[in-house]
Amino acid sequence: MIEAQPNRGYQISVNNPWLGYYTPMKISLCVVMDPIDSINIKKDSTFAMLLEAQARGWEVWYAEQQHLFLKDGTVFAQLTRLSVTDAPDGWFQFHEQETRTLDSMDVILMRKDPPFDMEYIYTTYLLEKAEQNGSLVVNSPSALRDCNEKLFTSWFPQCCTPMLVSRQHQQFIEFHQEHQDIILKPLGTMGGASIFRVTPNDPNLNVIIETLTDNGTSFAMAQKFIPEISAGDKRILMVGGEPVPYALARIPKEGETRGNLAAGGTGKGVALSKRDLWIAEQVAPELERRGILFAGLDVIGDYLTEINVTSPTCIRELDKLYNLNISALLMDKIEKQIRQ
């Protein structure tokens, strides 16, 4: 488990458990994200990362998906140099613009939120070209494509509640008959969108299955309902395969079964339990193998329910609750990997 680091400024000489004493590198960083003028800086983990990179003296460049292009086998980006300020009335400033090869960046943060559609997949192909030419992409483009945030949990059945992924209506009926109280959800959404709880004798079961599977043409997931959701859906942040020692438990509002903050849940800080640490230990080697430096494990009760690899959040909330600097842990890992 990561030893929690207090919020700190960047030092000229840093004593770090992974790196020892070292002097800062001049690192160029490109962030690929949603429009920065649309974010909520109080909750945005990408913004926390940018603040930390800037504090270290790194050169920060900004791009959206539309600014990437490939020409004659080389990936380019229309980049804008970016500076950020932790102020609600003007948190960013754009500077000069340049068109550069994407692999001229030391590190690329892929922080575009879902939907995970074909445009997202095409973007990972472009990022993979830069990765092949020496840029560090966080997280690895192949992992972003391969690790569906709901399906990826099936790599760790010892950590999960009973689940089913299928298109077949009757299989969902039988799963409901077996477990009585279940969750049904699509595979490609975020923020609690289109998640249904189906209790015994629910008259809406058939129409929910038809809707989520688009009448048998799309895969959907069913999971046995975990009543411990009342105590919160814990987001455990993994940095370089190690868990931050505290999680944000997202507690559903009254009358809800979804703890997602986007669905009206409230966040409460909690220390990781022994079971949480065991789940993190089970998942960590596969994250490392796939090049996933930053991930968010969702745990309800004793069970792993999702593994978020696209744009995990909750940095700012945990930093504030426990006086941490989780972005510093991530940037330390990035710098170590670049040095290697």
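Relevant structure appears above.
Read on for an overview of the structure. Counting restarts for each chain: residues are numbered from 1 in the order of the written sequence. This being a predicted model, a pLDDT of at least 70 is required before a residue's local features are given, and a value of 80 or more before pairs of side-chain atoms are given or counted; all residues contribute to the totals for chains, interfaces and linings. Processing note: side-chain calculations cover all non-hydrogen atoms of the structure and skip hydrogens and water entirely.

Some details on a nonpolar patch on the surface
Cut-off, in case you're wondering: Like-charged residues within 9 Å of one another, or nonpolar side chains (Val, Leu, Ile, Met, Phe, Trp, Tyr) within 5 Å, are grouped into patches, provided each residue has over 30% relative accessible area and no salt bridge. Exposure was quantified through the Shrake-Rupley algorithm and a 1.4 Å probe, taking into account, for residues, occlusion by the shown protein chains and nothing else. The rule for a salt bridge is simple: a side-chain nitrogen of Lys or Arg has to be within 4 Å of a carboxyl oxygen of Asp or Glu. Secondary structure counts use DSSP, requiring at least four H or I residues in a row for a helix and at least two E residues in a row for a strand, with both numbered from the N terminus.
On the surface, a nonpolar cluster with roughly 320 Å² of combined accessible area is contributed by Met118, Tyr122 and Tyr125. Following the sequence through the fold, tyrosine 125 ends up in helix H2 (residues 118-132).

Points about the pattern of salt bridges
The condition is simple: Throughout, exposure labels follow a simple rule: accessible area from a 1.4 Å probe, protein chains only, divided by the maximum for the residue type, with under 20% read as buried, over 50% as exposed, and the rest as partly exposed.
Evaluated as defined, the whole model comprises 19 salt bridges. A salt bridge links arginine 56 to aspartate 332; the shortest N-O distance between them is 2.7 Å. With arginine 56 in the loop between helix H1 (45-55) and strand E4 (59-63) and aspartate 332 in helix H8 (residues 326-339), this pair connects stretches of sequence that are 276 residues apart. A salt bridge links glutamate 286 to arginine 289; the nearest nitrogen and oxygen atoms lie 2.7 Å apart. Taken as a pair, glutamate 286 and arginine 289 lie in helix H6 (residues 274-290) at a separation of three residues, close to a single helical turn. When its relative accessible area of 15% is taken as the criterion, glutamate 286 is described as buried.

Thoughts on the pairing of strand E8 (residues 107-111)
Heads up, the rule is: Note on pairing: DSSP must find at least two bridges between two strands before they are called paired.
Burial of E8 is extensive: five of the five residues sit out of reach of the surface. Burial along E8 is two-sided: Val107, Leu109 and Arg111 facing one way and Ile108 and Met110 facing the other are all buried. Where strand E3 (residues 28-33) and E8 come together, five bridges link them in parallel fashion. Directly across from cysteine 30, in E8, lies its bridge partner isoleucine 108. Where E8 lies against strand E9 (residues 136-138), three bridges are found, and the strand directions are parallel.

Re the packing of aromatic side chains
Heads up, the rule is: Aromatic pairs are defined between Phe, Tyr and Trp rings, using the six-membered ring for Trp, whenever the two ring centres lie within 6.5 Å; interplanar angles under 30 degrees are classed as stacked, those over 60 as edge-to-face, and all others as tilted. We count a charge as sitting over a ring when the NZ of a lysine or the CZ of an arginine lies within 6 Å of the ring centre and within 35 degrees of the ring normal.
Taken as a whole and judged by the stated rule, the model has eight aromatic pairs. Taking the centre distance of 5.3 Å and the plane angle of 15 degrees together, the rings of phenylalanine 69 and phenylalanine 76 count as stacked. With a relative accessible area of 29%, phenylalanine 69 lands in the partly exposed category. With a centroid separation of 6.2 Å and 55 degrees between ring planes, the pair formed by tryptophan 91 and phenylalanine 92 is classed as tilted. Clustering of aromatic rings is evident, with ring pairs tying together Tyr62, Trp91, Phe92 and Phe94. A cation over a ring is seen here: arginine 167 above phenylalanine 219, with NZ or CZ 4.8 Å from the ring centre. The ring of phenylalanine 225 carries the charged tip of arginine 197 above its face, separated from the ring centre by 3.7 Å.

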